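Here are the chains, one letter per residue:
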Amino acid sequence: MTISNHKQLVDAELEGRVRTYSWRKNPTAATSGGLWFDMALSPGNPPPKYWFDATPGVAQTVSQSADGGLFHGANVSPSNKYLRGVRATPTSSTGLPITMILCDYLLYYPSLDDSTLDPQTVNNSNTLSRYTDGAGVQLMAVTVAGRTGGQTFSVNYTNSDGVAGRVTPNCYQNTSPVVGSVTTSQSVVQLSCNPFLPLQGNDSGVRSVQSVTMNGVDVGLFSLLLVRPLATFIIREFGAWVEKDFWLESCALPIIQDNAFLNFVTCPQSSLASTNFLGDLKVIWD
Amino acid sequence: MSGFSSHDQVIAALSNGQTFRANWSKNANPTAAAVANEWHTLFRGAGNPGADAIFDAGSNLTFQAVKDNTTSAASIQHGGAVQPTYYKYLLNGSCVSAAATVVPATVTLVDVVGFYRVTTVTTATAQSTTNTLGQSDTFSADAGTDVCTYTSTANYPSNILTGTRVRLTTTTTLPAGLSLATDYYVIRASDSTFKLATTYANAVAGTQINITDAGTGTHTITWLLPRYTNGAGIGAIFFNPAATAMGAATPNLSLGYTNSAQTTSRATPTVLPIGKTAASNSHILYTGATGTGKYNYQTPLQSGDAGIAQIDTIQNSVSYVSGTYAVALLKELARFPISTLGLAAERNFMFETPSFPRIYDGAALYFLVGSGVATPASSAFSGHLDFVWN
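Cut-off values and rules
- Here the residue index of a chain counts from 1 through its sequence in written order.
- Written order decides the labels, with chains lettered from A and ligands numbered from 1.
- Given that this is a predicted model, residues contribute local features only at a pLDDT of at least 70 and side-chain atom pairs are listed and counted only at 80 or more, while totals for whole chains, interfaces and linings are drawn from all residues.
- Only heavy atoms go into the side-chain values, all of them from the structure, while hydrogens and water stay out.
- Between any two strands, pairing holds if DSSP finds at least two bridges.
- Only DSSP runs of H or I with at least four residues qualify as helices, and only runs of E with at least two residues qualify as strands; both kinds are numbered from the N terminus onward.
- Note on scores: pLDDT gives the predictor's confidence for each residue, bounded by 0 and 100.
- Take a side-chain nitrogen of Lys or Arg and a carboxyl oxygen of Asp or Glu: if they are within 4 Å of each other, that pair is a salt bridge.
- Exposed residues in this analysis have more than 50% of their type's maximum accessible area, buried residues have under 20%, and partly exposed residues fall in between, with area computed by a 1.4 Å probe over protein chains only.
- We call two residues in contact whenever any of their non-hydrogen atoms come within 4.5 Å of each other.
- In short, buried area is how much 1.4 Å probe accessible area vanishes from two parts on joining, totalled over both.
- Polar contact is defined as a pair of N or O atoms within 3.5 Å, subject to the rule that within protein one atom must be able to donate a hydrogen and the other to accept it, and that residues adjacent in sequence are counted only when both atoms are side-chain atoms.
- Only the stretch in contact is used when fitting a helix axis, every axis being a line fitted to C-alpha atoms; angles between N-to-C directions are given from 0 to 180 degrees.
- Residues forming no salt bridge and having over 30% relative accessible area are the ones grouped into patches, like charges within 9 Å of each other and nonpolar side chains (Val, Leu, Ile, Met, Phe, Trp, Tyr) within 5 Å.
- Working definition of accessibility: Shrake-Rupley area with a 1.4 Å probe, residue cover restricted to the visible protein chains.
- Nonpolar cores were defined as sets of buried Ala, Val, Leu, Ile, Met, Phe, Trp, Tyr and Cys residues, with membership established by side-chain atoms within 4.5 Å.

Let us look at the sheet that holds strand 7 (residues 127-128) of chain B. Across a sheet, paired strands are connected by hydrogen bonds in the backbone, their directions being either parallel or antiparallel. Residues and elements named next belong to chain B. Ordered by their spatial adjacency, four strands build an open sheet running 7-17-15-16, and the pairing between neighbours is antiparallel. Two strands close off the open sheet at either side, each with one partner strand: strand 7 and strand 16 (266-267). Both strand 15 (residues 253-259) and strand 17 (residues 308-316) contribute to a ladder of seven bridges, which runs antiparallel. When the bridges of strand 17 are listed, Thr258 appears paired with Gln310.

Structure representation (structure tokens):
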């Protein structure tokens with residue numbers, strides 16, 4: 001059964017199939033205004049998840065049970081779990097306004113090398129465990145070791161229709177040395193990608209990556225993540241909670257798949273080093 | 001018919017005076033500051049109502065029901081019992097703090113249905129609880145319809161929901177078809193009537209027991225939880241109810257329980273909550289800002305479970321050395337996120353979906369606070385709650 005009308009929503013709440021879980025992130029990175037930043041690497045509750053903790057280039061799946069992320073409760077299969085609402089507030093005004101995208105992080109290829117011009121063939125011994133066909137899955141490059149910047153790269157991938165040999169446009173690497181910054185994020189440069197890599201043609205998702213090719217050498221490392229965006233909101237100012245009710249605002253509840261690893265990709269307007277964020281997720285299941 | 005089905009009925013109820021306002025004020029943990037992202041109960045805080053005197057009292061590992069009229073419960077009053085004539089709801093509320101060092105914070109309104117006090121904190125194995133079905137009222141049975149009717153209402157039997165596990169006693173002979181010392185499951189027919197089933201599945205399906213005579217004497221039905229009686233939506237928290245801090249330890253905290261579908265032998269997930277060492281008075285033991293094993297604020301349940309009908313075992317994996325803790329069963333009703341000094345968080349429950357949280361007779365209302373920043377001891381929170389019934 002799915003939740004598709006008010007009565008089903010109300011029944012779920014009355015029957016106790018609803019929970020609200022609080023979260024807190026304490027970023028310490030000296031982020032730059034207008035550059036996207038992956039808050040999954042920030043301390044807090046949940047603790048940070050580092051995208052350089054495995055063999056370079058070997059696909060690693062990500063899940064709540066193994067890696068944590070924003071806690072959303074146990075698996076509910078065969079029921080469906082939905083994101084009913086999200087609240088968030090900062091503890092200071094620094095970095096605001098900030099856009100926050102809640103994503104399900106699915107898989108990552110650790111520590112791809114900026115200094116190699118040869119195509120870096122990745123290892124797909126692990127594949128997507130959620131959104132297995134890749135529908136709606138996006139690519140995001142996250143810096144795990146800083147670089148000089150200015151080079152471009154492209155990604156060879158299989159799209160959500162299972163067609164291999166697809167290639168992204170060349171994407172520009174920024175000069176941010178901050179670990180956790182989205183490698184391709186830029187506010188003023190062409191060929192920048194904020195925060196997800198553009199795909200070929202009318203592709204709508206990525207099932208797997210086959211290789212990454214740098215077009216110029218640099219120092220540094222980045223990890224390539226496959227993520228599924230679920231919800232977006234903006235914290236405009238300090239002193240006012242952002243409260244999103246996905247049922248009232250859109251009558252469309254994002255689905256949280258079992259064992260999803262949830263975290264935020266953010267775009268602050270200055271350094272986040274002195275700002276903490278807290279809030280909660282409200283989930284409901286049918 | 002009880003309840004609201006239109007705005008006009010709400011306006012009429014308010015016009016008729018079927019409403020109650022509770023102005024409340026509570027101070028946070030009186031003995032120590034709260035670390036950012038910790039959750040604390042406000043049970044022991046001074047204010048109006050004052051500090052409770054129940055959560056650190058009573059027999060070890062024994063379920064104690066809590067109601068608004070429980071002596072020394074110090075819960076927030078809501079206008080008394082109104083069922084079965086009326087159903088009561090939370091209409092609106094507010095929360096504010098006058099201390100800049102408190103905000104941002106989340107203040108959560110809960111109905112505490114009961115708790116288990118744990119004094120044997122040095123025992124590191126799973127400890128069995130005592131769950132005496134302490135709620136009781138009398139009933140009569142109609143053999144022609146199999147319908148039973150409550151003949152007393154002291155413990156608010158109109159709160160009993162379908163699927164609730166009950167047992168029966170009598171002064172003489174139970175109605176034919178029913179037995180002593182046997183689990184039955186309620187099929188709720190109305191606020192004043194019910195049928196019985198042999199299993200939870202039969203209760204949900206409406207498959208009743210055939211009662212062939214009314215029996216003799218006075219019959220009594222007994223059940224455990226005073227509200228949300230089948231456990232739907234009930235969560236658990238481990239907290240320090242005492243005036244002093246816990247001893248030094250960081251144990252895994254786990255529960256064995258029966259879920260709201262009356263399935264036994266359920267257990268909290270593998271990644272267990274981890275208690276804070278020397279957890280201060282009022283602290284919900286496993287809440288906090290960083291590290292593994294931190295949950296904010298309810299104990300996680302086993303996959304797919306929607307609530308707790310009763311707790312069967314409680315365990316702290318290593319000795320807490322000293323102190324006591326309690327495990328409370330509660331239902332979250334509303335959250336008030338406060339952001340700014342002097343700016344109240346206000347909720348109008350008529351316009352939220354689902355609207356109007358139900359306030360059952362006997363509801364024991366309390367607040368919990370999730371600290372967004374380090375919150376000094378005895379920080380003051382205040383606000384109001386408006387109730388309406390129809």
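That covers the picture; the talk isn't over yet.
Moving on, we come to the confidence of the model for chain B. The pLDDT averaged across chain B works out to 94; a share of 100% of its residues lies at or above 70. With pTM at 0.91, the complex prediction returns an ipTM value of 0.84.

This next bit is on the pattern of salt bridges. Taken as a whole, this structure holds 24 salt bridges over all chains when the rule is applied. Its salt-bridge partner being Asp203(A), residue Arg166(A) comes within 2.9 Å of it at the nearest N-O pair. With Arg166(A) in strand 10 (residues 166-167) and Asp203(A) in the loop between strand 11 (171-172) and strand 12 (206-214), this pair connects stretches of sequence that are 37 residues apart. Comparing Arg166(A) with Asp203(A) shows no difference in burial state: the two are buried. Between Lys276(B) and Glu38(B) there is a salt bridge, with the nearest N and O atoms lying 2.5 Å from each other. Here Lys276(B) is found in the loop between strand 16 and strand 17, whereas its partner Glu38(B) is found in the loop between strand 1 (19-27) and strand 2 (39-41), with 238 residues between them in sequence.

The interface of chain B with chain A comprises 39 residues on the first partner and 37 residues on the second. Both faces considered, chain B and chain A share a buried interface measuring about 2600 Å² in area, 53% of it formed by carbon and sulfur atoms. Across the chain B-chain A interface, the total number found is two salt bridges. With a closest N to O distance of 2.9 Å, Arg335(B) and Asp280(A) form a salt bridge. Here chain B and chain A share twelve residue pairs in polar contact (both at pLDDT 80 or more) between them.

This part takes up the sheet that holds strand 12 (residues 193-197) of chain B. Residue and element names in this part refer to chain B. Taking strand neighbours around the barrel as the criterion, the six strands line up as 8-9-12-11-10-13 in a closed arrangement whose pairing is antiparallel. Here the average twist between neighbouring strands, direction ignored, is 45°. Pairing between strand 9 (residues 148-150) and strand 12: two bridges, direction antiparallel. Residue pairing in the sheet places Thr149 in a bridge with Thr193 of strand 12.

Attention now moves to a nonpolar patch on the surface. Residue and element names in this part refer to chain A. There is a patch of nonpolar side chains on the surface, built from Tyr50, Phe52 and Val179 and spanning about 250 Å² of accessible area. Topologically, Phe52 is positioned in the loop between strand 3 (44-45) and strand 4 (60-61). Judged by relative accessible area, which is 37%, Phe52 ranks as partly exposed.

Moving on, we get to the nonpolar core. Ranked by size, the top nonpolar core spans 85 residues in total, and within it Ile314(B), Tyr325(B), Leu329(B), Phe336(B), Tyr366(B) and Phe381(B) carry the most contacts. Take this core: its biggest share by element is ten residues, from strand 18 (residues 325-338) of chain B. Among the nonpolar cores identified, the runner-up in size contains 61 residues, and Leu83(A), Ile98(A), Leu106(A) and Leu224(A) belong to it.

Turning to the environment of Gly3(B), a few remarks are in order. Position of Gly3(B) among the secondary structure elements: in the segment before helix 1 (7-15). Ignoring anything within four residues of it in the chain, the contact list for Gly3(B) reads Gln9(B), Tyr87(B), Tyr89(B) and Asn390(B).

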